[in-house]
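# Per-entry structural report
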Amino acid sequence: MGAICVKPGSFEAVRADPRGFCEWAVDTARVRGASLAVVTHIAAVTVLDVDFASPGDPALAGYPAESARVSVFANGVVVAVPLGRPERTWKHRYPFQPSAACSGEWELAVGALCLWYPGDPPHLRWDWSNGLDDFVRILQRHLWMEEYCRRNGRPWPVEDAPHGTPCFGAHPILTSALKRPA
């Protein structure tokens, strides 16, 4: 009987060997300019800290290094929270509310970043078939776009899930490229 191949960024791989995932993601440059480290790995949750170097693009000169915490729960839910920059100002879908559930060495869903709009069609949302490395790239992009908004006082630089809840249904998809499945 042959061995079953498990994708390195899959839920099964991350929960079985989070350190192995971190090493693979860095060694293969799956996420450029990032370092990943396991904070906690228990039955209920695996928590990773991710540090992103400042972007190398001259157009983004002066953008700071970023840090975030990614929690992968045993039920497959994944959330990310920004770390290390108390001066960060942003309205998140899930406002930070300290509680006993997020004390100690790991934080959970409170303050989680809204990396896509849950009401968007499947091709515009992340899921486990894309691998956790893809989630981390989305997180990196999101933090840079937030910085763009703070620096320029302008809306999101590309069409993406707007912050806030739409009055009716989902946020409208404006460009034809995003209306098509990948």
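Residues numbered from 1 in each chain as written. Predicted model: local features only at pLDDT ≥ 70, side-chain atom pairs only at ≥ 80, totals over all residues. Heavy atoms only, no water.

As a further point, take the pairing of strand S4 (residues 78–83). Across the six residues of S4, six count as buried, placing the element largely inside the fold. Alternating positions in S4 separate into two faces, Val78, Ala80 and Pro82 on one and Val79, Val81 and Leu83 on the other, with burial throughout. Here strand S3 (residues 66–73) runs beside S4; their pairing, made up of six bridges, is antiparallel. Among the inter-strand pairings, arginine 69 is bridged to a residue of S4, identified as valine 81. (Buried < 20%, exposed > 50% of the residue type's maximum accessible area, 1.4 Å probe, protein only. Helix = DSSP H or I, 4+ residues; strand = E, 2+ residues; numbered from the N terminus. Pairing = 2+ DSSP bridges.)

Another aspect to go through is the sheet that holds S3. The sheet built from four strands is open, its strands ordered S1-S2-S3-S4 with antiparallel pairing. The open sheet has two edge strands, strand S1 (34–41) and S4, and neither has a second partner. Taking the axes of each pair of neighbouring strands and ignoring which way they run, one obtains an average angle of 20° across the sheet. Relative to S1, helix H2 (residues 18–27) is tilted by about 175°, and along the sheet it contacts S1 and strand S2 (45–52). Running over the sheet, helix H3 (residues 132–152) touches S1, S2, S3 and S4 and is turned about 140° from S3. (Axes fitted to C-alpha atoms, helices over the stretch in contact; angles between N-to-C directions. Contact = heavy atoms within 4.5 Å.)

Here we take up unusual backbone geometry. With a phi angle near 55°, alanine 29 is a residue other than glycine that sits in the positive phi range. Examined against the element boundaries, alanine 29 turns out to sit in the loop between H2 and S1.

By size, the foremost hydrophobic cluster in this structure holds 27 residues, and its most contacted members are Val70, Leu132, Phe135 and Leu139. Looking at this core, the elements with two or more residues in it are H2, S1, S2, S3, S4 and H3. The leading source of residues in this core is H3, at six residues. Leaving out residues up to four positions away in the same chain, leucine 132 has contacts with Gly9, Val14, Phe21, Leu48, Val70, Val72, Val78 and Trp126. Residues Tyr63, Met145, Cys149 and Trp156 belong to the second largest nonpolar core, which totals five residues. (Core = buried A, V, L, I, M, F, W, Y, C linked by side-chain atoms within 4.5 Å.)

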